[in-house]
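# Notes for the structure review
As a plain string of letters, each chain reads:
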Amino acid sequence: MTTRIDTKVLVLGGGPGGYVAAIRAGQLGLDTVLVDRDGLGGTCLNRGCIPSKALIEAATRFASVSELARGTISGVRLACAPELDLAATMQWKDGIVERLRGGVASLLHRSRVRVVAGWGRFSDAKTCHVTTADGEVAIVAEHVVLATGSVPAELPMLPFGGPVVSSTEALALRELPRRLVVVGAGTIGLELWHRLSQARRRGRHRRAAAQAAAPLRRQAQRTRPALALNGTA
Ligand SMILES: Cc1cc2nc3c(=O)[nH]c(=O)nc-3n(C[C@H](O)[C@H](O)[C@H](O)COP(=O)(O)OP(=O)(O)OC[C@H]3O[C@@H](n4cnc5c(N)ncnc54)[C@H](O)[C@@H]3O)c2cc1C
């Protein structure tokens, strides 16, 4: 059976574009429904800005403690070299994402925005059918905001699969790759390269990645990065 919801505003997509629009509409007193298929916060919160910054923070701390272990900073020396527990780091990062997702949910709740979790598709300009865990919901809206974001772009000569992963998988690695090439030296590519190379020993691996990335800079302006992983630590 299909449940029907009539609303003033429908926002499709719960990323920073969508949830901010929905919160504002709710604050202005408009009856608002937000639809998202996989967790509030969109790319930025779940597989973009936030997880990448958390992992960069962990990698930076690791690199700086490694420097101490080598006795290269002000003569301060650690008794032994630090170890990176990648599973624990990923758990810490997931905890941050979970907490912030709860924050977005509570902002939406306080703004009286109804959230429907599921995949939405339009049958006409004002009617969106959402497939939810509890069945089909038909949302009929006077105004629609589309904020469906973007997805990783696959390169024809480097299809995703096996050792070629997108930024999404790179933010949830279970093991550190022994060698990697980051294709795409835009902001996201450089961030991933910086984080992964800091988590590895410094030196050889960093230079290899930089040289590989440089000729691809023009391509990077049009795509999200792909990573080619070669072996694990
Ligand atoms: C690794 C990485 C790092 C980044 N770092 C930064 C940074 O430091 N600073 C910065 O400003 N930006 C950063 N970005 C970019 C940032 O994530 C995006 O600019 C931002 O998320 C775009 O927001 P949005 O709301 O337009 O789309 P998104 O965040 O992509 O949200 C769209 C949402 O819509 C949902 N959706 C799509 N279609 C449907 C449908 N039919 N039904 C239901 N739901 C649907 C998606 O599942 C998604 O949750 C980064 C991106 C990546 C990948």
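The structure this text deals with has already been given above.
So, here is what we can say about the structure in this document. These figures come from a predicted structure and were not determined experimentally.

## Regarding the overall build of the protein chain
Counting its regular elements, the protein chain contains eight helices and nine strands. Residues classed as buried in the protein chain amount to 32% of the 233 residues present. For the protein chain, long-range pairs separated by at least 24 residues make up 71% of all intrachain contacts whose partners lie at least 6 apart in sequence.

## As for the environment of Gln 198
With respect to the helices and strands, the residue Gln 198 is situated in helix α6 (residues 187-199). Taking the number of C-beta atoms within 10 Å as the measure of exposure, Gln 198 has 20 and is therefore buried. Separated by 137 residues in the primary sequence, Gln 198 and Arg 61 have C-alpha atoms spaced 9.2 Å apart. If we ignore the near neighbours within four places in the chain, the residues touching Gln 198 are Ala 59, Thr 60, Phe 62 and Ala 63.

## Focus on the pairing of strand β5 (residues 127-132)
The sheet contact formed by strand β4 (residues 119-124) and β5 spans five bridges and is antiparallel. Residue pairing in the sheet places Arg 121 in a bridge with His 129 of β5. Here β4 hands over to β5 after two residues, the two strands then running antiparallel side by side. In the sheet, β5 pairs with strand β6 (residues 135-146) via six bridges, with the strands oriented antiparallel. Residue pairing for β6: Thr 131 is matched across the bridge by Glu 136.

## Focus on the sheet that holds strand β1 (residues 3-12)
Ordered in space as β3-β2-β1-β6-β5-β4, the six strands form an open sheet in which the pairing is mixed. Two strands lie at the open edges of the sheet, namely β3 (113-117) and β4, each paired on one side alone. The average angle at which neighbouring strand axes cross in this sheet is 45°, direction not considered. Across the sheet, helix α1 (residues 16-27) lies against β1, β2 (32-36), β3 and β6, angled at about 165° from β2, the strand it touches most.

## A look at the packing of helix α3 (residues 49-69) against helix α4 (residues 86-110)
Packing of α3 against α4 brings their axes to within 9 Å, and their N-to-C directions diverge by 140°. By the criterion of interaxial angle, the relationship of α3 to α4 is oblique. Along this stretch, α3 crosses α4, giving a crossing that reads as right-handed. In this structure, α3 uses Ile 50, Pro 51, Ala 54, Leu 55 and Ala 58 to contact α4, whose residues at the interface are Thr 89, Trp 92, Lys 93, Ile 96, Val 97 and Leu 100. Counted by class, the contact of α3 with α4 contains nine nonpolar, one polar and one charged residues.

## Some thoughts on the packing of α3 against α6
Running from amino to carboxyl end, α3 crosses α6 at an angle of 35°, the nearest separation of the two axes being 8 Å. Crossing geometry of α3 relative to α6 is assigned as left-handed. Facing Ser 52, Leu 55, Ile 56, Ala 59, Thr 60, Phe 62 and Ala 63 of α3, the residues of α6 in contact are Glu 191, His 194, Arg 195, Gln 198 and Ala 199. In the contact of α3 with α6, the residues fall into six nonpolar, four polar and two charged.

## Observations regarding the site of the ligand
As a matter of local geometry, the ligand sits amid 26 residues, with Gly 13, Gly 15, Gly 17, Gly 42 and Gly 149 nearest to it. Of all the secondary-structure elements, those providing two or more residues to the shell around the ligand are α1, β2, α2 (42-47), α3 and β4. In the shell around the ligand, the residues fall into eight nonpolar, 14 polar and four charged. Residues from two domains meet in the shell around the ligand; each of domain 1 (1-149) and domain 2 (164-232) gives at least three.

## A closer look at α4
With 25 residues, α4 ought to run about 36 Å at 1.5 Å a step, and its terminal C-alpha atoms sit 36 Å apart, in line with that. Buried residues of α4: Lys 93, Val 104 and Leu 108, and no others. Contacts made by the buried residues of α4 are with α1, β2, α2, α3 and β3. At the C-terminal side of α4, Arg 112 shows a positive phi close to 60°.

## Here we look at α1
Helical periodicity: at 3.6 residues per turn, an α-helix aligns residues three or four positions apart in one direction. Its twelve residues place the ends of α1 16 Å apart at the C-alpha level, agreeing with the 16 Å of an ideal helix rising 1.5 Å per residue. On its buried face, α1 sits against β1, β2, α2, α4, β3 and β6. Directly after α1, the chain includes Gly 29, whose backbone phi takes a positive value near 90°.

How each quantity is defined
Residues numbered from 1 in each chain as written. Predicted model: local features only at pLDDT ≥ 70, side-chain atom pairs only at ≥ 80, totals over all residues. Helix = DSSP H or I, 4+ residues; strand = E, 2+ residues; numbered from the N terminus. Buried ≥ 20, exposed ≤ 12 C-beta atoms within 10 Å, placed from the backbone. Contact = placed C-beta atoms within 7 Å. Pairing = 2+ DSSP bridges. Axes fitted to C-alpha atoms, helices over the stretch in contact; angles between N-to-C directions. Parallel < 35°, antiparallel > 145°, perpendicular 65-115°, else oblique. Left-handed = near helix turned anticlockwise from the far one by under 90°. Nonpolar A, V, L, I, M, F, W, Y, C, P; charged D, E, K, R; others polar. Near = placed C-beta within 6 Å. Domains from an automatic or database assignment. Expected span 1.5 Å × (residues − 1).

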